[in-house]
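Chain residues, written in single-letter form:
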Amino acid sequence: MISEYDQQLATLILEHSTEVEKGQNVMVQLIGLNGIDLLRALVEQIRAKDAHPFIKIEDADTQRILIENGNEEFWKNQANVDQLPLMKQMDAFIGIRASQNIYENSQASKEANKAYSEHFLHPVHFEERVNNTNWCIMRYPSPAFAMNAKMPTAAFTEFYYKACLVDYGQLEEAMKPLEKRLRATDEIHLKGKGTDIKFSVKGQNWVPCFGKRNIPDGELFTSPVIDSVNGVITYAPSVYQGKPFEFVKLEVEDGVVVDFDSSNNEALKDILDTDEGARRFGEFSFGLNPVIESPMYDILFDEKIYGSNHLTLGKDYEIAPNGNSSNIHWDLVCIGADVYLDGELVREGRRFVRDDLKGLNQGIKTFFANTF
């Protein structure tokens, strides 16, 4: 039996996030069988709208075999024969990431990851799906996910639905004063433990995110002026390409990473050496979800942590461009740094201190959907 919460989540995704309408083609991709009930709820509701679901169910271990053994020729063929022609016919895309093991692809080589990213992920998803569909990506709760969050499974499941089912209309309104300030800002300065970094956002576009592309959501992003980033930044734990990092520290000069340290420097060097753009930044964002408090090695949650920022290595987004091109996009998160806009302190640690921004601080009850 499909739970009430999966039905509510499916409704949110279809009516708010992807705005599916009668007659539209909708690809629903499930990676890992754990999220099958949400998939079923989505299919049921898509058909109730008289729209057309196209289902792709992928086993995470089989996908690992493909990534580890794939090469340029293989991924070009996969993209051109199967997924790219199909994606071009889609009006909406819903991706459910339900793998039980976030480290499944940790042993894939640098060459294998590059072939997959450059010849499949980039054309199918970064170029076609991101730019030409209404899309939404999410995770799905599991005991393994709860373990990474260091929570009991039942408590984590409740937390998951609370974080996902935020009242996004109210969150959108609360973001507007910060967006107004940021559009008038030239220089942003982050200063905290292990972090002292400055960059310009003058003239850059800002994009508020309130449940349209990710679930859970709650961020406000742009991209830094590409050669303006200078200083040092220290990030919270992260997983990228299946490889865990307990911390990452980057030293940056004129927009380029010139030195680094981490808990896994060999893997970090491979990522930074992916291409020229991998040592530059393609996104900067404020994390604003009031429910998410601490990192859990999952970027779709961690990048939304209240009182956080992510300064992202790699490719920019077309909606907020700065000219950086890369086959990576790694949302590394810095938590609790003080934030100065043109020299004015607007967030001290994790709390906004200006009156017009205090509505974004954690604990505002009216943000939450009346679900639990």
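Here's a quick rundown of the structure. This structure is a prediction, so every number in the text was calculated from the model and none was measured.

## As for the environment of Y235
Right, so step 1: Checked against the element boundaries, Y235 lands in strand β10 (residues 230-235).
Right, so step 2: Y235 gets classed as buried once you look at its relative accessible area, which sits at 3%.
Right, so step 3: Look past the residues within four positions of Y235 in its chain and what remains in contact with it is F247, V248, L250, F281, L311, L332, V333 and C334.
Right, so step 4: From its side chain, Y235 meets the backbone oxygen of L311 in a polar contact 2.8 Å long.

## What about the nonpolar core?
Right, so step 1: Counting 84 residues, the largest nonpolar core has L9, I96 and I188 as its most contacted members.
Right, so step 2: When residues no more than four places from it in sequence are discounted, the contact partners of L9 are L38, Y160, Y161, C164, L165 and I215.

## Considering helix α5 (residues 110-132)
Right, so step 1: At H122, α5 shows its largest kink, close to 55°, and the proline P123 lies no more than four residues downstream.
Right, so step 2: Among all positions of α5, only A112, N113, A115, Y116, S117, H119, F120, H122, V124, H125, E128 and R129 are buried.
Right, so step 3: Buried residues belonging to α5 abut α3 (60-69), α4 (72-87), β3 (92-97), β4 (134-139) and β12 (243-245).

## Some thoughts on the pairing of strand β20 (residues 344-348)
Right, so step 1: One ladder, built from 3 bridges, connects strand β19 (residues 338-341) with β20; its direction is antiparallel. The partner of Y340 across the bridge, within β20, is L345.
Right, so step 2: Between β19 and β20, which follow one another and run antiparallel, lie 2 residues, and D342 among them has a positive phi close to 50°.
Right, so step 3: Looking at chain direction, β20 and strand β21 (residues 351-352) are connected through 2 bridges and run antiparallel.

Cut-offs and rules
Residues numbered from 1 in each chain as written. Predicted model: local features only at pLDDT ≥ 70, side-chain atom pairs only at ≥ 80, totals over all residues. Heavy atoms only, no water. Helix = DSSP H or I, 4+ residues; strand = E, 2+ residues; numbered from the N terminus. Buried < 20%, exposed > 50% of the residue type's maximum accessible area, 1.4 Å probe, protein only. Contact = heavy atoms within 4.5 Å. Polar contact = N/O pair within 3.5 Å; in protein donor to acceptor, adjacent residues only side chain to side chain. Core = buried A, V, L, I, M, F, W, Y, C linked by side-chain atoms within 4.5 Å. Bend = angle between axes of the 7 residues up to and from the residue. Pairing = 2+ DSSP bridges.

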